[in-house]
Amino acid sequence: MSDPTPVIDDLREESEELDALVAELSPESWHLATPAPGWTIAHQIAHLNWTDRAALAAVTDEDGFRGLVEQALAAPDRYVDDGAEEGAKQVPATLLTAWREGRAALDGALRTAAPGARFPWYGPPMATASMATARLMETWAHGLDIAAALGVSRPPTDRLRHVARIGVRARDFAYAAHGLTPPAEPFRVELTAPGGDVWAYGPEDAPQRVTGPALDFCLLATQRAHRADLALTAEGPDADRWLDIAQAFAGPPGAGRLPGAGRPAQGEPR
């Protein structure tokens, strides 16, 4: 049973970095458009607040979370956008305070969760570390959109190891989300971390494999860049298919970004 504390700590750090990016924005800047069609900076933070609070319900109020799932099932194509739209109507200062309070409450709930606990989610149930990883993944991905709207870069860090790991572990879910049968055999995935180390997953002798920069794999799995704009290589037909459908997030497949749109601006790794 792994200790979830390191990923909870990394989630807090990722959130604080994003908070610093938006904390001093003028009210007008909250309405800047981001690369996600129809979403402003306010929509991005509202979505993070909404999902943080959904995660808090999953961890502390299973009956309450079941109600959220029923809402999602009633409008599977709209519930994410509807939640962001509703939250974005708030005064920016109110929205910022709500996001801070929600993520602080989730941080406390994750740190005090019973060892071995598993929580319901919109995809497969999650352990404490997995829930924190999912929140870090979303915070990083939506932070990229906010940075793009502001014309700034966010240097990649080794916190990406959590995003890469959930992207690899979500392989079979990605196939299922597209109505496809997952391959029976695991792939070998070798990713070069921002600091130069190699993060490896799967059997070393697996005949099908994916290699490339960890940042590019994370951009792919969070659908922040199109495969055509990334330096990822697949060996084997199933691995090649995976790079077309990979997603690290729960729920239906997203539209992703168009080819030729490029990669989000990145500074020097940290």
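Going by the structure above, here's the rest.
Residues numbered from 1 in each chain as written. Predicted model: local features only at pLDDT ≥ 70, side-chain atom pairs only at ≥ 80, totals over all residues. Heavy atoms only, no water.

Q: Give me the overall build of the chain: which residues, what numbers.
A: For the chain, the helix and strand inventory stands at ten helices and six strands. At 18 Å, the chain has a C-alpha radius of gyration in line with the 18 Å of a compact globule built from 270 residues. Its C-alpha atoms put the chain at 55 × 40 × 35 Å along the principal axes. Relative to its 270 residues, the chain shows a buried fraction of 48%. At a minimum sequence separation of 6, the contacts of the chain that also span at least 24 residues come to 70%. If you sum the accessible surface of the chain, you get close to 12500 Å²; carbon and sulfur atoms cover 52% of it. In the chain, 24 side chains carry a positive charge and 38 a negative one; their mean positions are 1 Å apart. (Helix = DSSP H or I, 4+ residues; strand = E, 2+ residues; numbered from the N terminus. Rg over C-alpha atoms; globule rule 2.2 N^0.38 Å. Buried < 20%, exposed > 50% of the residue type's maximum accessible area, 1.4 Å probe, protein only. Contact = heavy atoms within 4.5 Å. Areas by Shrake-Rupley, 256 points an atom, 1.4 Å probe, with all protein chains shown as cover. Lys, Arg positive; Asp, Glu negative; His and termini not counted. Charge placed at Lys NZ, Arg CZ, Asp CG, Glu CD.)

Q: Quick one: what's the story with the packing of aromatic side chains, residue by residue and with numbers?
A: For the structure on display, the rule yields eight aromatic pairs. Arranged with centres 6.3 Å apart and planes meeting at 20°, the rings of W50 and Y122 form a pair that is stacked. Of this pair, W50 sits in helix α2 (residues 41–60) while Y122 is found in the loop between β1 (118–119) and β2 (126–127), placing the two residues 72 residues apart along the sequence. The partly exposed category is assigned to W50, whose relative accessible area is 24%. Judged by centre distance (5.7 Å) and plane angle (50°), the ring pair of F187 and W242 falls under tilted. You can see F187 sitting in the loop between α8 (171–177) and β3 (188–192) and its partner W242 sitting in helix α10 (residues 237–245), a full 55 residues away along the chain. No difference in accessibility class separates F187 from W242, as the two residues are buried. The aromatic ring of W99 is capped on one face by R103, whose charged end is 4.3 Å from the ring centroid. (Phe/Tyr/Trp six-rings, centres within 6.5 Å; stacked < 30°, edge-to-face > 60°. Lys NZ or Arg CZ within 6 Å of the ring centre and 35° of its normal.)

Q: Please give an account of the layout of surface pockets that cites residues and values.
A: Taken as a whole, the second largest pocket holds about 260 Å³ of empty space. Contributing to the lining of the second largest pocket are 17 residues, with Q223, H226, D244, A255 and G256 lying nearest its centre. For the lining of the second largest pocket, the element with the highest residue contribution is α10, accounting for three residues. Partitioned by chemical class, the residues of the lining of the second largest pocket number nine nonpolar, five polar and three charged. (1 Å grid on protein atoms, 1.4 Å probe; cavity = no way out; pocket = protein on both sides within 12 Å on 5 of 7 lines; lining within 4 Å. Points joined across faces, edges and corners; volume = space filled by probe spheres on them. Nonpolar A, V, L, I, M, F, W, Y, C, P; charged D, E, K, R; others polar.)

Q: Could you give an account of the pattern of salt bridges, naming the residues involved and the relevant values?
A: In a structure, side chains of opposite charge can pair up when their charged atoms sit close to one another. Per the counting criterion, the structure on display carries 25 salt bridges. R66 serves as the salt-bridge partner of D63, at 2.7 Å between the closest nitrogen and oxygen. In this pair, D63 and R66 both sit in helix α3 (residues 62–74), three residues apart, roughly one turn of the helix. Looking at R66, the relative accessible area reads 41%, which means it is partly exposed. Residues participating in the shared-partner salt-bridge network are E13, E14, E17, R154 and R159. (Salt bridge = Lys/Arg side-chain N within 4 Å of Asp/Glu carboxyl O.)

Q: So what's going on with unusual backbone geometry? Which residues, and what values?
A: Unusually for a residue other than glycine, Q223 sits at a positive phi of about 55°. Among the secondary structure elements, Q223 is positioned in the loop between α9 (214–221) and β6 (233–235). Given a relative accessible area of 14%, Q223 falls into the buried group.

Q: Account for the side chain of D216, with residues named and values stated.
A: Following the sequence through the fold, D216 ends up in helix α9. On the basis of relative accessibility, which here comes to 3%, the residue D216 falls in the buried class. A distance of 2.7 Å separates the side chain of D216 from the backbone nitrogen of A231, its partner in a polar contact. Setting aside residues no more than four positions away along its own chain, D216 makes contact with L230, A231, L232 and R263. (Polar contact = N/O pair within 3.5 Å; in protein donor to acceptor, adjacent residues only side chain to side chain.)

Q: Please set out the sheet that holds β3 residue by residue, giving values where relevant.
A: What the four strands build is an open sheet, ordered β4-β3-β5-β6; its pairing is mixed. Edge strands, defined here as strands with exactly one partner in the open sheet, are β4 (198–201) and β6. With strand direction ignored, the average angle separating the axes of adjacent strands in the sheet is 10°. Taken together, the three bridges between strand β5 (residues 209–213) and β6 define a ladder with antiparallel strand orientation. (Pairing = 2+ DSSP bridges. Axes fitted to C-alpha atoms, helices over the stretch in contact; angles between N-to-C directions.)

Q: Break down helix α6 (residues 128–150) for me, citing the residues and quoting the values.
A: Over its 23 residues, α6 runs 33 Å from end to end, which matches the ideal 33 Å to within 8%, given 1.5 Å per residue. In terms of burial, α6 is largely enclosed, as 20 of its 23 residues are buried. Looking one or two places after α6, you find G151, whose phi comes out positive at around 70°. (Expected span 1.5 Å × (residues − 1).)

Q: An account of the side chain of D107 is requested, with residue identities and associated values reported.
A: With respect to the helices and strands, D107 occurs in helix α5 (residues 92–111). What makes D107 buried here is its relative accessible area of 13%. If near-sequence neighbours (up to four positions away) are discounted, D107 is found in contact with I8 and R12.

Geometric values such as these leave the question of function open.
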